[in-house]
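Coordinate analysis (summary)
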Protein chains: 2
Amino acid sequence: MTTRHRLLATVGLALATCLAAQSAQAQQAPKPEQLIKWRQSAYQVLAWNTGRVKANVEGTFNKEEVIKASNLIAALANSGLGALYAPGTETGKGWHDTTVKPELFTDKKAGEVAAAFNKEANELAKVAQAGDVAIIKAQLGKLQSTCKACHDDFRKKD
Amino acid sequence: MTTRHRLLATVGLALATCLAAQSAQAQQAPKPEQLIKWRQSAYQVLAWNTGRVKANVEGTFNKEEVIKASNLIAALANSGLGALYAPGTETGKGWHDTTVKPELFTDKKAGEVAAAFNKEANELAKVAQAGDVAIIKAQLGKLQSTCKACHDDFRKKD
């Protein structure tokens, strides 16, 4: 291999490394509109599954369905939804204009309500396994109160 | 208690039971547009999380993030997404017009690709725990091939 070939190979490798890094960075930093769309979607999936648990504890109870729904609620709560509130997502449009209040990005209470939501979601997944309808119903109420607390403080009114 | 009172109490109880049953039924049978919106949301959440795993195995690897994302993917796969393809949802608009092909509702292959998706999603959650980047990357590829198989057969082209 000549010096010129070595130089070309080195430059080529550096370029490939740089492009790969840019590609990885691009994947790790989706656009604000995409993040807003994902978080709006995540809350829809949450609503679907809290609704399923509610229908089961108020109507015909199917333990397996409650477990599936509760596991999904807990996995969502534990997934790191906070990443979907990255800087730059204070305003903007996903499926629709975001309804988040600017306070969510500055008020330390936001972390507290998020932690409360996680705690109650994990507890719901736990009590779902045991299958006691009254306990699941009570736990769903606790979870929903954390949803409401966040909406009251950090979601704009319609 | 007089006969009249007993009759009123009985009718009242019957009415309350009937209303409760209707309420439960209403919760258990959301409108087609709602089901379509939920399934479109579920796939957005899937895309967010497969993208996170991809970014981690191609860029800086964070085991905890991969576990969180993979657990959410598996919980979604196990949640019973099929319920979001109830009769009446063959056409219609959620966030946007559904892109599902009518064949999904009649072709038994749909069940097979769904089962393959579940299997690979659960395997991804398993290998994420072990934390071997190459194995996770290969498993992500297997999962994505099940996504593609379903899109090829059952999703309309843009």
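In what follows, the accompanying structure is described.

Reading guide: rules and limits
- Residues numbered from 1 in each chain as written.
- Chains lettered and ligands numbered in written order.
- Predicted model: local features only at pLDDT ≥ 70, side-chain atom pairs only at ≥ 80, totals over all residues.
- Heavy atoms only, no water.
- Helix = DSSP H or I, 4+ residues; strand = E, 2+ residues; numbered from the N terminus.
- Buried < 20%, exposed > 50% of the residue type's maximum accessible area, 1.4 Å probe, protein only.
- Polar contact = N/O pair within 3.5 Å; in protein donor to acceptor, adjacent residues only side chain to side chain.
- Least-squares fit on C-alpha atoms with pLDDT ≥ 70 in both.
- Contact = heavy atoms within 4.5 Å.
- Expected span 1.5 Å × (residues − 1).
- Arc of directions from axis to C-beta.
- Axes fitted to C-alpha atoms, helices over the stretch in contact; angles between N-to-C directions.
- Left-handed = near helix turned anticlockwise from the far one by under 90°.
- Core = buried A, V, L, I, M, F, W, Y, C linked by side-chain atoms within 4.5 Å.
- Phe/Tyr/Trp six-rings, centres within 6.5 Å; stacked < 30°, edge-to-face > 60°.
- Lys NZ or Arg CZ within 6 Å of the ring centre and 35° of its normal.
- Disulfide = S-S within 2.5 Å.
- Parallel < 35°, antiparallel > 145°, perpendicular 65-115°, else oblique.

**Focus on the environment of asparagine 62 of chain B**
All names here are of chain B. Positionally, asparagine 62 belongs in the loop between helix 2 (32-58) and helix 3 (63-77). Asparagine 62 sits in the partly exposed class, given a relative accessible area of 38%. Residues asparagine 62 and threonine 89 lie 27 residues apart in sequence; the distance between their C-alpha atoms is 39 Å. Polar side-chain contacts of asparagine 62 include one of 3.1 Å to the backbone nitrogen of glutamate 64.

**A look at the relation of the copies chain A and chain B**
Take chain A, turn it by 180°, move it 0.0 Å along the axis, and it overlays chain B with an RMSD of 0.0 Å. Each copy turns onto its partner about a two-fold axis. Among all residues of chain A, the one whose C-alpha sits closest to the rotation axis is serine 41 of chain A, at a distance of 2.2 Å. A share of 100% of interface residues in chain A that are also interface residues in chain B marks the association as one of identical surfaces.

**Comments concerning helix 5 (residues 133-154) of chain B**
Side chains that are three or four residues apart share a direction in an α-helix, a result of its 3.6 residues per turn. Residue and element names in this part refer to chain B. Under the 1.5 Å per step criterion, the end-to-end length of helix 5 is 31 Å for 22 residues, consistent within 8% with the ideal 32 Å. Ile136, Gln139, Leu140, Leu143, Thr146 and Phe154 are the residues of helix 5 that are buried. Viewed end-on, helix 5 has its buried residues packed into an arc of 115°, placing them on one side of the element. Facing away from the buried side of helix 5 by more than 90 degrees, the exposed set consists of Ala134 and Lys148. Close packing links the buried residues of helix 5 with helix 2, helix 3 and helix 4 (109-130). The N-capping residue of helix 5, defined by a side-chain oxygen 3.0 Å from the backbone nitrogen of alanine 134, is aspartate 132.

**A look at the side chain of arginine 52 of chain B**
Looking at where arginine 52 of chain B falls in the secondary structure, it is placed in helix 2. Judged by its relative accessible area of 9%, arginine 52 of chain B is buried. Looking at arginine 52 of chain B, its side chain comes within polar contact range of the side chain of asparagine 49 of chain B, at 2.9 Å. Excluding residues that lie within four positions of it along the chain, arginine 52 of chain B makes contacts with Ser79 of chain A together with Glu65 and Ala69 of chain B.

**Considering the packing of helix 2 (residues 32-58) of chain A against helix 5 (residues 133-154) of chain A**
Geometrically, a packed helix pair is captured by the angle between its two axes and the distance between the axes. Residues and elements named next belong to chain A. Contact geometry of helix 2 with helix 5 gives a least axis separation of 10 Å together with a crossing angle of 145°. Remark: the crossing between helix 2 and helix 5 carries left-handed chirality. In contact with Thr50, Val53, Lys54, Val57 and Glu58 of helix 2, helix 5 contributes Val133, Ile136, Lys137, Leu140, Leu143 and Gln144.

**Structural notes on helix 3 (residues 63-77) of chain A**
Its 15 residues place the ends of helix 3 of chain A 21 Å apart at the C-alpha level, agreeing with the 21 Å of an ideal helix rising 1.5 Å per residue. Among the residues making up helix 3 of chain A, those that are buried are Val66, Ile67, Ala69, Ser70, Leu72, Ile73, Ala74, Ala75, Leu76 and Ala77 of chain A. Buried residues in helix 3 of chain A make contact with helix 2, helix 4 (109-130) and helix 5 of chain A together with helix 2 and helix 3 of chain B. Capping the start of helix 3 of chain A is the job of one residue whose side-chain oxygen sits 3.1 Å from the backbone nitrogen of glutamate 64 of chain A: asparagine 62 of chain A.

**A word on the nonpolar core**
Core analysis: the biggest nonpolar cluster contains 52 residues, and Val45, Val53, Leu72 and Leu76 of chain A together with Val45, Leu72 and Leu76 of chain B have the highest contact counts within it. Every element with two or more residues in this core is listed here: helix 2, helix 3, helix 4 and helix 5 of chain A together with helix 2, helix 3, helix 4 and helix 5 of chain B. In contact with valine 53 of chain A, other than residues within four places in its own chain, are Val66, Ala69, Ser70, Ile73, Ile136 and Leu140 of chain A.

**Some words on the packing of aromatic side chains**
The geometry of an aromatic ring pair is captured by the separation of the ring centres together with the interplanar angle, meaning the angle of the planes. Under the defined criterion, the tally for this structure stands at three aromatic pairs over all chains. Where tryptophan 95 of chain A meets tryptophan 95 of chain B, the ring centres are 5.0 Å apart and the plane angle is 5°; that geometry is what we call stacked. Residue tryptophan 95 of chain A is located in the loop between helix 3 and helix 4, and its partner tryptophan 95 of chain B is located in the loop between helix 3 and helix 4; the two belong to separate chains. Across this residue pair, the class does not change: tryptophan 95 of chain A and tryptophan 95 of chain B are buried. Stacked on the ring of tryptophan 95 of chain A, the Lys or Arg lysine 37 of chain A has its end atom at 4.3 Å from the ring centre.

**Side note on the state of the cysteines**
Residue and element names in this part refer to chain A. Evaluation of the coordinates by the stated rule reveals zero disulfides over all chains. Residue cysteine 147 stays outside any disulfide, its sulfur separated by 8.4 Å from that of cysteine 150, the closest cysteine. On the basis of relative accessibility, which here comes to 24%, the residue cysteine 147 falls in the partly exposed class.

**Observations concerning the packing of helix 2 of chain A against helix 2 of chain B**
Running from amino to carboxyl end, helix 2 of chain A crosses helix 2 of chain B at an angle of 125°, the nearest separation of the two axes being 8 Å. By the angle between their directions, the pair helix 2 of chain A and helix 2 of chain B is classed as oblique. The two elements helix 2 of chain A and helix 2 of chain B meet at a crossing, and its hand is left-handed. Every residue of helix 2 of chain B that contacts helix 2 of chain A at Gln34, Lys37, Trp38, Ser41, Ala42, Gln44, Val45, Ala47 and Trp48 of chain A is listed here: Gln34, Lys37, Trp38, Ser41, Ala42, Gln44, Val45, Ala47 and Trp48 of chain B.

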